[in-house]
Every structure is written in C-alpha cells, then in structure tokens.
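Letter by letter, the chains look like this.
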Amino acid sequence: MTGNIYKNLMIKSLLNKKEMRHTKCFLGCLGLLLSANVAFAQDKAAYFNRNLHVANQLNPAILPERGYLALPFIGGFRIDGATDFTNLSDLIYAISADEKVLNDDSFYDQMKPDNRMNLDMNVNVLSVGWWRGANFWSINVGLKLSFGASVPKSLFEYMRDLNLYEDSDLHMQNVDIRNFQLNTRAYSDIGVGYARQLTECLSVGARAKLLLGFADIDFKVDEMVLDMNLPDYPDSPESWTTGANYGGYSAAKGHLRTAYNGGGLTFDEQGQVDEFALDGFGIAGYGLGVDLGVAYSPIDHLNLSASVTDLGFLKWREEAISIASVDNSEQVEITYENYDRYLGDDIFNPSRYNLTEDEPESYKTGLRTTLSVGAEYRLGAQEQFSVGSLYNIRFSEPFSRSTISLVGGYVPKGSSFNASLAYSYIQSTGNALEALIKFGNSFIGANYVLAGEQASFGVYLGMSIPLGAIRE
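Residues numbered from 1 in each chain as written. Predicted model: local features only at pLDDT ≥ 70, side-chain atom pairs only at ≥ 80, totals over all residues. Heavy atoms only, no water.

(A) Representation of empty space enclosed by the protein. One pass over the structure, following the stated rule, counts seven cavities of 30 Å³ or more. Volume-wise, the largest cavity comes out at about 690 Å³. Lining the second largest cavity are 15 residues, and of these Asp120, Lys144, Tyr187, Asp310 and Arg368 lie nearest its centre. The set of elements that each furnish at least two residues to the lining of the second largest cavity consists of strand E2 (77–83), strand E3 (114–132), strand E4 (135–152) and strand E5 (172–197). Residue classes in the lining of the second largest cavity are distributed as four nonpolar, three polar and eight charged. (1 Å grid on protein atoms, 1.4 Å probe; cavity = no way out; pocket = protein on both sides within 12 Å on 5 of 7 lines; lining within 4 Å. Points joined across faces, edges and corners; volume = space filled by probe spheres on them. Helix = DSSP H or I, 4+ residues; strand = E, 2+ residues; numbered from the N terminus. Nonpolar A, V, L, I, M, F, W, Y, C, P; charged D, E, K, R; others polar.)

(B) A look at the side chain of Thr370. Relative to the elements of secondary structure, Thr370 occurs in strand E15 (residues 370–379). By relative accessible area, which is 8% here, Thr370 ends up buried. At 2.9 Å, the side chain of Thr370 and the side chain of Arg394 are in polar contact. If we skip the residues at most four places from it in the chain, Thr370 touches Ser307, Val308, Thr309, Asn392, Ile393 and Arg394. (Buried < 20%, exposed > 50% of the residue type's maximum accessible area, 1.4 Å probe, protein only. Polar contact = N/O pair within 3.5 Å; in protein donor to acceptor, adjacent residues only side chain to side chain. Contact = heavy atoms within 4.5 Å.)

(C) Up close: a negative patch on the surface. Together, Asp268, Glu269, Asp274, Glu275 and Asp279 give the surface a local cluster of negative charge. Secondary-structure assignment places Glu269 in the loop between strand E8 (263–267) and strand E9 (273–278). Judged by relative accessible area, which is 80%, Glu269 ranks as exposed. (Patch = residues over 30% accessible without salt bridge, like charges linked within 9 Å, V, L, I, M, F, W, Y side chains within 5 Å. Areas by Shrake-Rupley, 256 points an atom, 1.4 Å probe, with all protein chains shown as cover. Salt bridge = Lys/Arg side-chain N within 4 Å of Asp/Glu carboxyl O. Lys, Arg positive; Asp, Glu negative; His and termini not counted. Charge placed at Lys NZ, Arg CZ, Asp CG, Glu CD.)

(D) Highlighting the pattern of salt bridges. This structure, assessed with the given rule, holds 16 salt bridges. A salt bridge links Asp176 to Arg178, with the shortest nitrogen-to-oxygen separation between them at 2.8 Å. Overall, Arg178 belongs to the partly exposed group, its relative accessible area being 36%. Ionic pairing is found between Lys220 and Asp222, a salt bridge with its closest N-O pair at 3.6 Å. With a relative accessible area of 25%, Asp222 lands in the partly exposed category. Sharing partners across several salt bridges, the network here consists of Lys144, Asp189, Arg207, Lys209, Asp291 and Asp310.

(E) Region of the structure containing the layout of surface pockets. Within this model, the second largest pocket holds a volume of roughly 950 Å³. Around the second largest pocket, the lining comprises 34 residues; the ones closest to its centre are Arg50, Leu63, Gln197, Asn303 and Arg378. Sorting the residues of the lining of the second largest pocket by element identifies strand E6 (202–229), strand E10 (285–296), strand E11 (302–316) and E15 as the ones contributing at least two each. For the lining of the second largest pocket, the element with the highest residue contribution is E11, accounting for four residues.

(F) Here's a closer look at the packing of aromatic side chains. Applying the stated criterion across every chain, the model contains 12 aromatic pairs. Taking 5.1 Å as the distance between ring centres and 80° as the angle between the ring planes, the aromatic pair formed by Phe107 and Tyr108 counts as edge-to-face. One exposure class covers both Phe107 and Tyr108, and it is buried. In textbook terms, an aromatic cluster arises when at least three aromatic residues are bridged by ring pairs, as seen for Phe385, Tyr410, Phe417 and Phe439. Here Arg257 stacks its cationic end above the ring of Tyr363, 3.7 Å away from the centre of that ring. Over the face of the ring belonging to Phe313 we find Lys364, whose NZ or CZ atom lies 4.8 Å from the ring centre. (Phe/Tyr/Trp six-rings, centres within 6.5 Å; stacked < 30°, edge-to-face > 60°. Lys NZ or Arg CZ within 6 Å of the ring centre and 35° of its normal.)

In structure tokens:
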C-alpha cells in the first residue's frame, strides 16, 4: 500500500502523451467558449418588448400582441455566463499550464482564494403560442446546458512550483488544495404555458415543464494535502542519501459522480476510475419545473412585473449513475524510483486521483432558478417609447449572480421595426451594453461586455412566424 494514494492522488507523470493531448484539447475548447461569451445575459433588451415572443418566455405573464411560431433552433439562442476573475484569458492559459502566465506575479495578485465561473446555454427547439379567446397558450421545447467551476488559487501556486522545478532545487513540496469543483448538466424541457389578463390592470401566467435529463457530471475535491520531503536535486540518484528520512504525508477527500445513460465511468481491476465511456445516448433522469409570472399596471403607462423561471428539480436514475470517491490519509515512503509520481502539473484529469467505485443511488439536483423584477414606463401618444429598470438574480453553483439593468426602447404597437438598448451592471463581473433590433419577424441582438481589463462581444438572433391578428 506504500505510496498508493500518491500514485493516484497527484497527477501521474506516467500519463501517456495521448491522454495529455485529450485533456489539453478539452480545456482549450472550454477556454475559447468561456473567453468568447463571459459575463453577459442576452435577454435584458428583450424583456419589455411585447412584440417579441421571447418576452413571454422570460415572464409568462407578459402577453404578446399576437400568436407566433418560432422556427426550430433559430427561433431563439441564448448564452449567459459570469466569472469573478478579472482576466479570464489569463485564467484559461494558466489552466493550460502556460509558463509565461504561471510565472507572472501579477497573475496571482488579481486572484481570489476561489475563482469561480458559470456558463448557461439555452437553445429553442420548438416554440409556438396562440390566443384562444381571452387566454394565451404556448408550447416550448428547449435544450439547456450549464457549466460551473470553482478553481482555488492554491492550485495554480502548486502548478507554478512544479513549473519552476526544472530550473531550481525542490526539496520540500507542500500542497494544500481545497474546494476544487467542476460540474456540468444537460437536459431538455417541454413546457405548456397559460396566461390571462384577469383585469384591465393585472395579468398572470404560468408554464409547467417536463424535464428530460441527458447528462450530469459533478467532480469535487474537498481536500488534497501533500507534505513531502525530497533531496535537493531529486532528478540525480546521487542526491538520495541512504538512511535519510524521505517521505511525506498525504490526505485526500473528494468524489466524481456522473449520470449518463449509455456510458459513464469505467473502473479497473482495483475498482479505481479508468476513464469516461460514451457508448450510447439516452435519458438519464426525469424532473418537473415551473415558470411563474405576474404583470401589474397601477397607473397609466406604468407596468410592474415579476417572474420566477426554472423552478424545479431533476431526479437521476440509479441505473445511469456511476460514482467514485476518496477519503483517505496516510504516511508514505518516497524513493528515487517513485518520487516522480508525486510531481506533475496536469491536475485536471480525474483518472489520476485515488477514486474508488461506490454503490450508485439515485439523487436529485435543482435547476438554475432565475428571479426577475422589472418596472417599465411607456411614453408617447401610442406608448411607442419606453424606459425601464430590471433586476434579476440566478441561483446556481458554484455561485449565484445578480444583474441590474436600465432599458430603453422604441416599440410601436404592431410595428415591424423595434429597437432596444440596455445597460447592465453584473455583480462581481463588470458592465455590459446590449442592443436589439427587430426587422419584420426576425430580431438580432449584440452585446459588448467590460469585465475589468477584459472585454467581450457577442451576437444572438431569433426568428418567428406571426399567427393570428394583432390584439387590442
């Protein structure tokens, strides 16, 4: 058992080059996605626009002027993300073990003890809404993908120490990494919505949703501690003094849990994690969700609204779940023959942990619920101009985020041309400008985000076919 926990807890230098390329390829793709779309929520300019079908999806009580049929996939596409790290590009390069970033003191000066990020993607597969008498009905089918990460500063400090190892002596190696977390989830929701204007001033709406879960992955390292004593130059056999007290202490606690029908974790003969297999595709879980909304006009031209969306849960099936965990500590002996197992900088590959197979059991996960509260004042003879304020907060892991937005728009009733502009302050991230223009039955939006020294730009669009006449 000597050194077993180190052999799998620390990143193995024995990992072959193919595995290393796969890991860095994944991290590179993730980095490009995050760096291109960080810190924006692409729905602020659309929230008060009664001529867009997406407004009803953001708040089921906002009644559209007419029915609609949103074209599959291009009927609506939204990405929204946030991070509390000032310069995301440096963070991505550091994850990829870039020496220039890892050795730059300014990189560590801007880091927090825990550096967190969230990303949400929402694709409209089918969306249709229609008026029947005084009632508005809608059916929506969507695909949703979420990603979250919490990466501690100590992890990058450890990578820097190892990066400097080739050019300096390294006889003491101390590691204390805690609360390292990665999670991702993919599911589809099928919703049926109903809305009605109860009085001249009050309308309410609700949407009930059936959820189909496709994948859920949760990787968490609660603790990874290493206190290791080595000779000054461990690469040289002559540095290892016979009878010297070389060795160390290791402690690890964490888990890797996956829910995927048609694959999942595979294990070797010792019951430890080998790889993640993708042998098929199917439904790994089911759930229920609901969207609720209310809109109220206490005086002429003033509209108040509030909504709660994605309130619900997913229950993952036991037969689709695979779980591995580690909770161990021990003293180990270190020699010239095995020391290189404890040194490595590719700490994002779960196969290098001493994770042992556990008995799977079903579990539930909550959705990333969003609460929105808005106030809009309409101006002009036909109320074609509007100014408003919108607050929303999304509850998610590893952290929740809130946004305050000021929204102005030109939204003539029944017009084929609309324009909206929104300025948003995003908690712990930065500022965002978003513009939206509607031409006929299509709309296109763009945003420009400032997050400290970082800026990003994004474009989104949607298209729908009107159904029925414009309602008074």
